[in-house]
Amino acid sequence: MAHEDKTLGSGAGTILVVEDEVAQRETLCAFLGEEYTMLEAANGTEALSHVKDQPVDLVFLDLRLGREDGLEILRKLRDEAPGLPVIMLTAHGTPEHAFTAYRHGAVHFMSKPYKLDELKERVRYEFEAAELRREKANLEGVRAEFAGQPLLGESPELKRVLAQITKIAKLSTSTVMIRGETGAGKELV
C-alpha cells in the first residue's frame, strides 16, 4: 500500500502517524491536522522513509502493524533519529509491552481506545518539552562559547569577585543569582 502525505495545519510541527488501520490513521490525522503537519505511514518501511526524507518532530506508532512488530520499528526509528519522541499506541498492550517500549526510548504508551483530548495534550507536552530541550542546547552552546574566557582586570573589586566565584564554584549545591549592568560579564561569571 502506498503511503499518503497530508500536509495540513500551520506548520507548528510535523507528526508522523504509523498505523496500519486506515480509519485510525485518518482519525488521528484529521484531529491533529488543524494544528500540525501530518504524515501517514501504514508500515515500518514507510515510517523509516519519512524520517529519513524529512524533518519529523513526533511519531505515533502502533504496537502491531499487521505482521510487523511496533517495538522493532521503534528500535529502528531510534537508530535513525535518536532524539525523536515516539508515542506508542495499542489495543493489545500489556505492562510488559509498555516497559519494553519505554526501555527502547518511547516517551509515552497509550492504550486504545484513547481520548482524543488527552492525546492532544500529550502532543502539546512533547512539543513544549522539545522546545525546552532546544533552548537548553542553545544555552549550553553559549556557555561553551565563553568557557575558558578569562575575566580581565586588576582592580581590587574584580579580584574580590573572582575569589568569591572560586569559593562558590567549589560548592556543588549552591544557587547563585548574578546581577549587573549589561556588558559587565555576567555570562562569563
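Residues numbered from 1 in each chain as written. Predicted model: local features only at pLDDT ≥ 70, side-chain atom pairs only at ≥ 80, totals over all residues. Heavy atoms only, no water.

Caption draft 1: Structural context of unusual backbone geometry. Omega for the bond connecting lysine 112 with proline 113 falls within 30 degrees of zero, at -5 degrees, which places this linkage in the cis form. Position of proline 113 relative to the elements: it lies in the loop between β8 (108–111) and α5 (116–146). (Helix = DSSP H or I, 4+ residues; strand = E, 2+ residues; numbered from the N terminus.)

Caption draft 2: Here's a closer look at the nonpolar core. One finds Leu16, Val18, Val59, Leu61, Leu74, Leu77 and Met88 to be the most contacted residues of the largest nonpolar core, which totals 24 residues. At the level of secondary structure, the elements contributing two or more residues to this core comprise β2 (14–18), β3 (37–41), α2 (44–53), β4 (58–62), α3 (70–80), β7 (86–90) and α4 (95–103). Sequence-distant contacts of valine 59, defined by excluding residues within four places in its chain, comprise Leu16, Val18, Leu77, Leu84, Pro85, Val86 and Ile87. Of all hydrophobic cores here, the second largest spans 16 residues; its members include Val17, Leu28, Leu89 and Leu119. (Core = buried A, V, L, I, M, F, W, Y, C linked by side-chain atoms within 4.5 Å. Buried < 20%, exposed > 50% of the residue type's maximum accessible area, 1.4 Å probe, protein only. Contact = heavy atoms within 4.5 Å.)

Caption draft 3: Region of the structure containing α2. When α2 is considered as a whole, its buried residues turn out to be Gly44, Glu46, Ala47, Leu48, His50 and Val51. The residue sitting at the N-terminus of α2 and contributing the capping side-chain oxygen is asparagine 43; that oxygen lies 3.1 Å from the backbone nitrogen of threonine 45. (Polar contact = N/O pair within 3.5 Å; in protein donor to acceptor, adjacent residues only side chain to side chain.)

Caption draft 4: Representation of the packing of α2 against α3 within the structure. As a packed pair, α2 and α3 sit with axes 10 Å apart at the nearest point and diverge in direction by 15 degrees. The pairing of α2 with α3 is recorded here as roughly parallel in orientation. When you trace α2 past α3, the crossing you get is right-handed. In this structure, α2 contributes Gly44, Leu48, Val51 and Lys52 to the contact, and α3 contributes Ile73, Lys76, Leu77 and Glu80. Looking at the contact of α2 with α3, its residues break down into four nonpolar, one polar and three charged. (Axes fitted to C-alpha atoms, helices over the stretch in contact; angles between N-to-C directions. Parallel < 35°, antiparallel > 145°, perpendicular 65-115°, else oblique. Left-handed = near helix turned anticlockwise from the far one by under 90°. Nonpolar A, V, L, I, M, F, W, Y, C, P; charged D, E, K, R; others polar.)

Caption draft 5: Local environment of the packing of aromatic side chains. A complete count under the given rule lists one aromatic pair for this structure. With a centroid separation of 5.0 Å and an interplanar angle of 20 degrees, the aromatic rings of tyrosine 36 and phenylalanine 127 are classed as stacked. Linking tyrosine 36 in the loop between α1 (22–32) and β3 with phenylalanine 127 in helix α5, this pair joins segments that are 91 residues apart in sequence. Overall, the relative accessible area of 6% leaves tyrosine 36 in the buried class. A residue is classified by how much of its surface remains accessible, and phenylalanine 127, at 15% relative accessible area, is buried. Lysine 120 extends its terminal NZ or CZ atom over the ring of phenylalanine 31, reaching a point 4.5 Å from the ring centre. (Phe/Tyr/Trp six-rings, centres within 6.5 Å; stacked < 30°, edge-to-face > 60°. Lys NZ or Arg CZ within 6 Å of the ring centre and 35° of its normal.)

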